[in-house]
There are 2 protein chains.
Amino acid sequence: MSAPKPVTAGIVVIGDEILSGRTRDINVQQIAEFLAPLGISLTEVRIISDHQPAIIEAVQALSARCDYVFTTGGLGPTHDDITADAIAAAFKRSIDVRDDAKAILEHWYANSDAAITPARMRMARIPEGAVLIDNPVTGAPGFQVENVFVLAGVPKIARGMLEDVADRLTRGAVTHSVSVRIDNAREGDMAAALGKLQSAHPTISIGSYPWFEDLGGGKLNRGVALVARGTDTSELAIVEMALERLGQSHRDA
Amino acid sequence: MSAPKPVTAGIVVIGDEILSGRTRDINVQQIAEFLAPLGISLTEVRIISDHQPAIIEAVQALSARCDYVFTTGGLGPTHDDITADAIAAAFKRSIDVRDDAKAILEHWYANSDAAITPARMRMARIPEGAVLIDNPVTGAPGFQVENVFVLAGVPKIARGMLEDVADRLTRGAVTHSVSVRIDNAREGDMAAALGKLQSAHPTISIGSYPWFEDLGGGKLNRGVALVARGTDTSELAIVEMALERLGQSHRDA
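Residues numbered from 1 in each chain as written. Chains lettered and ligands numbered in written order. Predicted model: local features only at pLDDT ≥ 70, side-chain atom pairs only at ≥ 80, totals over all residues.

### Observations regarding the overall build of chain A
Okay, so step 1: Tallying secondary structure elements over chain A gives nine helices and 11 strands in all.
Okay, so step 2: Along the first, second and third principal axes, the C-alpha atoms of chain A reach 70 × 55 × 35 Å.
Okay, so step 3: Taking all 253 residues of chain A together, 47% fall into the buried category. (Helix = DSSP H or I, 4+ residues; strand = E, 2+ residues; numbered from the N terminus. Buried ≥ 20, exposed ≤ 12 C-beta atoms within 10 Å, placed from the backbone.)

Here's what the structure looks like:
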């Protein structure tokens with residue numbers, strides 16, 4: 001009997017601000033960390049500009065190849081918020097202000113010091129047939145169309161929306177990871193042993209990540225992080241012991 | 001006469017470690033910030049897993065649609081470093097240990113306390129016809145094939161490699177940006193005015209980015225960052241003044 005597979009997910013970051021370098025994205029890591037314990041593995045991320053054709057292409061591509069897709073950004077009330085219309089276009093659905101979303105906004109703003117402007121009512125534009133996603137921070141909902149979850153870009157709001165959709169996600173086999181940090185080592189010295197270990201444990205994915213710390217005066221502290229990942233915890237424990245032994249023999253060698 | 005256009009670039013982050021959430025990528029922002037003053041604008045980023053078919057697909061797609069592509073990651077001596085072979089496959093070129101790369105490694109290790117192992121010699125595997133990229137940190141070179149620059153994943157090394165290739169890049173019109181921060185404001189209140197301003201200045205890209213600070217006790221400080229970007233500095237100055245006026249009228253309104 002084969003073990004259940006991890007469920008896969010993709011992320012589409014709709015983000016001129018990320019591409020310009022002005023803002024560093026933190027949603028990718030936040031979503032990856034949220035999905036991991038659910039047994040859902042991130043397999044691809046695309047960061048694209050705020051243009052409808054780019055959004056349509058990326059969402060269609062990842063929707064076809066991943067079990068789930070999460071988009072972030074472009075759900076607000078301003079002219080540059082074009083995600084809802086782009087998602088409707090990607091799935092060939094109509095889009096208009098929807099009564100359920102409008103009611104949420106009306107209720108939200110009735111309890112705030114802000115008024116519902118026509119601009120804010122844009123945030124009630126939801127593609128036909130979409131399922132709403134609760135926004136506990138600022139009211140305006142996200143939504144789900146087929147396997148695509150459309151989240152706000154503000155990390156705090158995106159996080160709240162993830163909590164709301166967790167129960168809609170089919171869970172898979174959780175990928176566990178172990179890591180061994182080796183100071184004062186070079187990965188070239190352990191590459192042969194690592195390669196053999198990987199060949200002996202094909203269901204475990206073993207990665208080697210060198211790191212460097214600038215100590216000043218042209219001096220460099222360097223080491224390696226060895227990371228093993230897999231769904232089979234007993235196999236992973238065997239690999240972890242082997243990595244520890246490798247670390248012992250190379251640490252400060 | 002039309003002004004010169006920005007040159008475009010894409011990034012392919014080859015990164016199981018980023019997708020797992022274990023590591024937060026900083027190369028995207030680093031490369032975007034390096035390219036901006038050269039008049040090269042980042043238009044798409046893909047973060048993909050360490051698998052050859054994924055690398056080939058992403059590199060081919062972005063190489064066809066961007067002026068330049070930068071890849072990060074997968075250039076080291078261990079079994080999980082598969083980028084060089086994947087790039088060769090993407091461009092249907094042969095790959096082998098190349099004398100010029102081998103000479104660089106031999107010279108580098110002759111001046112270090114490490115030996116050239118067969119694993120390290122893998123780092124001299126370079127696709128046929130590729131142009132080498134200097135690595136001032138750890139010796140092993142990156143390389144360029146057509147419009148694709150293959151960089152290491154360690155940010156410090158990637159940075160050094162960017163410096164080496166700067167002179168190979170055609171420069172475009174620099175996209176400048178201005179930003180206005182408005183405390184205690186909501187973007188819904190200024191959306192209509194912003195939309196009009198955007199319509200009046202179609203060559204300038206105006207973005208509105210809400211931000212939230214948790215003050216504790218259920219209290220939220222919120223505001224908006226208005227960002228305008230464009231290549232025409234006089235037009236941009238006009239938009240900046242308009243954004244400042246908008247800020248004045250909504251700040252602490």
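Now that the structure has been shown, we can carry on.
### A short note on the relation of the copies chain A and chain B
Okay, so step 1: With an RMSD of 0.0 Å, the fit of chain A onto chain B corresponds to turning through 180° and sliding 0.0 Å along the axis. Here the two chains are linked by the operation of a two-fold rotation axis. If distances are taken from each C-alpha of chain A to the rotation axis, the shortest is found for A:R46, at 2.2 Å. (Least-squares fit on C-alpha atoms with pLDDT ≥ 70 in both.)

### Section: the domain arrangement of chain A
Okay, so step 1: Taken domain by domain, chain A holds domain 1 (7–168) and domain 2 (176–250).
Okay, so step 2: Taking the mean C-alpha position of each, domain 1 of chain A and domain 2 of chain A sit 37 Å from one another. (Domains from an automatic or database assignment.)

### Side note on the environment of B:V69
Residues and elements named next belong to chain B.
Okay, so step 1: For V69, the position within the fold is in strand 3 (residues 68–72).
Okay, so step 2: Residue V69 is classed as buried on the basis of its 26 C-beta neighbours within 10 Å.
Okay, so step 3: Taking the C-alpha atoms as reference, V69 lies 9.4 Å from V45; in sequence the two are 24 residues apart.
Okay, so step 4: Aside from chain neighbours lying at most four places away, what touches V69 is A9, G10, V12, V59, L62, S63, N147 and V148. (Contact = placed C-beta atoms within 7 Å.)

### Some points on unusual backbone geometry
Residues and elements named next belong to chain B.
Okay, so step 1: Backbone geometry places K92, a non-glycine residue, at a positive phi of 50°.
Okay, so step 2: A positive phi angle, close to 50°, is found at N184, a residue other than glycine.
Okay, so step 3: Locating N184 in the fold gives a position in the loop between strand 9 (176–183) and helix 8 (191–200).

### Topic: the interface of chain A and chain B
By a widespread convention, an interface's size corresponds to the accessible area lost as its parts come together.
Okay, so step 1: Taken together, the 50 residues of chain A in the interface contact 50 residues of chain B.
Okay, so step 2: For the side of chain A that touches chain B, the secondary-structure elements that each account for two or more residues are helix 1 (16–19), helix 2 (27–35), strand 2 (40–48), helix 6 (118–121), helix 8 (191–200), strand 10 (205–216) and strand 11 (219–230) of chain A.
Okay, so step 3: Of the residues in the side of chain A that touches chain B, the class split is 20 nonpolar, 16 polar and 14 charged.
Okay, so step 4: With five bridges joining them, strand 2 of chain A and strand 2 (residues 40–48) of chain B adopt antiparallel strand pairing. Pairing of A:V45 across the sheet is with B:I47, part of strand 2 of chain B. (Nonpolar A, V, L, I, M, F, W, Y, C, P; charged D, E, K, R; others polar. Pairing = 2+ DSSP bridges.)

### Description of the packing of helix 2 of chain A against helix 7 (residues 155–165) of chain A
Residues and elements named next belong to chain A.
Okay, so step 1: In the contact formed by helix 2 and helix 7, the axes pass within 10 Å of each other and the chain directions differ by 20°. What the angle tells us is that helix 2 and helix 7 run roughly parallel. In the packing of helix 2 onto helix 7, the handedness of the crossing is right-handed. Between helix 2, through N27, Q30, I31 and F34, and helix 7, the contact on the second element is made entirely by P155, A158, R159 and L162. (Axes fitted to C-alpha atoms, helices over the stretch in contact; angles between N-to-C directions. Parallel < 35°, antiparallel > 145°, perpendicular 65-115°, else oblique. Left-handed = near helix turned anticlockwise from the far one by under 90°.)

### A look at the confidence of the model for chain A
Okay, so step 1: Mean pLDDT over chain A: 94, with 98% of residues reaching 70 or higher.
Okay, so step 2: This complex was scored by the predictor with a pTM of 0.95 and an ipTM of 0.94. (pLDDT = per-residue confidence, 0-100.)

### What to know about the environment of A:I18
Okay, so step 1: Tracing the sequence through the fold places A:I18 in helix 1.
Okay, so step 2: Not counting residues up to four positions away in its chain, the partners in contact with A:I18 are A:V13, A:T23, A:D25 and A:I47.

### A word on the sheet that holds strand 7 (residues 142–145) of chain B
Okay, so step 1: What the 12 strands build is an open sheet, ordered 6(A)-7(A)-8(A)-3(A)-1(A)-2(A)-2(B)-1(B)-3(B)-8(B)-7(B)-6(B); its pairing is mixed. Two strands bound the open sheet, and with one partner strand each, they are strand 6 (131–133) of chain A together with strand 6 (131–133) of chain B. Sheet twist, expressed as the mean angle between neighbouring strand axes with direction ignored, is 20°.
Okay, so step 2: The pairing of strand 7 of chain B with strand 8 (residues 148–151) of chain B spans three bridges and is classified as antiparallel.

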